[in-house]
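Per-entry structural report
The chain contents come next:
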Amino acid sequence: MQLRLISWFFITLNFMEYIGSHHASRVRRQGRMHPNVSQGCQGGCATCSDYNGCLSCKPRLFFVLERIGMKQIGVCLSSCPSGYYGTRYPDINKCAKCKADCDTCFTRNFCTKCKSGFYLYSGKCLEKCPDGLEANNHTMECTSIVHCEASEWSPWSPCTKKGKTCGFKRGNEVRVREIVQHPSARGNPCPATSESRKCIVQRKRCQKEGKGKKNREEKRKKSNKDESKETRQESKGRAARRQNREQRENNNKTQPKKRKAPNKEENLAPVDTAH
């Protein structure tokens with residue numbers, strides 16, 4: 001009985017020594033891995049190391065490893081960078097990588113933006129869009145094919161010819177419609193938005209004189225021209241009358257001299273008859 005108690009005593013003592021040595025070796029190993037673990041870290045870190053950066057983050061921040069050269073540094077961010085998505089756990093929030101063809105993602109299997117050369121469709125990145133869809137090179141997504149849509153035709157316009165509605169019997173009338181939906185790259189093209197047809201109307205004369213500012217100006221210019229023409233004619237008439245008056249005056253001055261010569265002959269004639 002005593003031997004049994006003594007053997008149990010040594011077994012218990014050896015077990016306690018083993019536990020103590022294992023705990024001491026684990027502490028020494030942690031000290032070698034993180035020789036400068038600190039509780040007063042900057043940049044959102046809860047615990048950090050001079051060699052490995054952040055080891056844990058403050059609440060609501062995401063822990064992510066950034067590669068710098070040959071080593072990785074832990075950082076704490078408010079949101080995950082491009083190419084990563086966030087996962088929250090009770091003890092830590094981590095940023096996990098998206099798929100290789102995905103630029104941003106909500107989960108690993110649901111992409112929200114693809115890398116260059118891929119088109120997004122239902123959370124997946126595809127090199128070619130499925131049948132019935134087309135690739136949109138602006139949004140880099142697979143979208144539905146959109147066909148052109150036009151409105152109803154407008155009523156036919158009045159019959160015209162060379163922009164006039166009078167002075168003819170045969171002319172043309174037109175109607176138009178608008179494009180309400182432009183097509184996509186692979187959609188059906190748009191139809192014509194206008195068409196014309198020949199028309200026959202009863203001929204009516206166009207009014208020569210119209211109303212308006214333009215017509216008043218034309219009339220005023222015409223009256224000014226007429227007045228200037230009359231003025232020129234009156235000036236010519238006055239000049240002609242003055243020239244005629246001067247010519248008559250000159251003629252009157254020369255006529256008395258011609259009358260005196262025959263009077264002298266008449267006065268001399270009776271003298272010769274008396275002898």
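Structure: see above.
Here the structure is a predicted model, which means the values were calculated and not measured.

Applying the stated criterion across every chain yields a total of 2 salt bridges. In this structure, the salt-bridge partner of glutamate 173 is arginine 197, at a minimum N-O distance of 2.5 Å. Here glutamate 173, found in strand 14 (residues 170-176), pairs with arginine 197, found in strand 16 (residues 194-200); they are 24 residues apart in sequence, far enough to count as distant. For glutamate 195, the salt bridge identified is with arginine 175, shortest N-O distance 2.5 Å. Of the two residues, glutamate 195 sits in strand 16 while arginine 175 sits in strand 14, which places them 20 residues apart along the sequence. Its relative accessible area of 31% is what places glutamate 195 among the partly exposed residues.

Right, let's get into the state of the cysteines. In total, this model carries 10 disulfides according to the counting rule given. Residue pairing for cysteine 98: its cysteine sulfur links by disulfide to cysteine 105, the two sulfurs lying 1.9 Å apart. Every disulfide takes its handedness from the sign of the S-S torsion; for cysteine 98 and cysteine 105 that torsion is -80°, giving left-handed. When its relative accessible area of 11% is taken as the criterion, cysteine 105 is described as buried. Two residues, cysteine 159 and cysteine 199, share a disulfide whose sulfurs are 1.8 Å apart. Given an S-S torsion of about 85°, the disulfide between cysteine 159 and cysteine 199 has right-handed geometry. Residue cysteine 159 is located in the loop between strand 13 (149-150) and strand 14, and its partner cysteine 199 is located in strand 16; the two are separated by 40 residues in the primary sequence. Take cysteine 159: its relative accessible area is 11%, and that puts it in the buried class. Using a relative accessible area of 10% as the deciding quantity, one classes cysteine 199 as buried.

So, how was this worked out
Residues numbered from 1 in each chain as written. Predicted model: local features only at pLDDT ≥ 70, side-chain atom pairs only at ≥ 80, totals over all residues. Heavy atoms only, no water. Salt bridge = Lys/Arg side-chain N within 4 Å of Asp/Glu carboxyl O. Helix = DSSP H or I, 4+ residues; strand = E, 2+ residues; numbered from the N terminus. Buried < 20%, exposed > 50% of the residue type's maximum accessible area, 1.4 Å probe, protein only. Disulfide = S-S within 2.5 Å.

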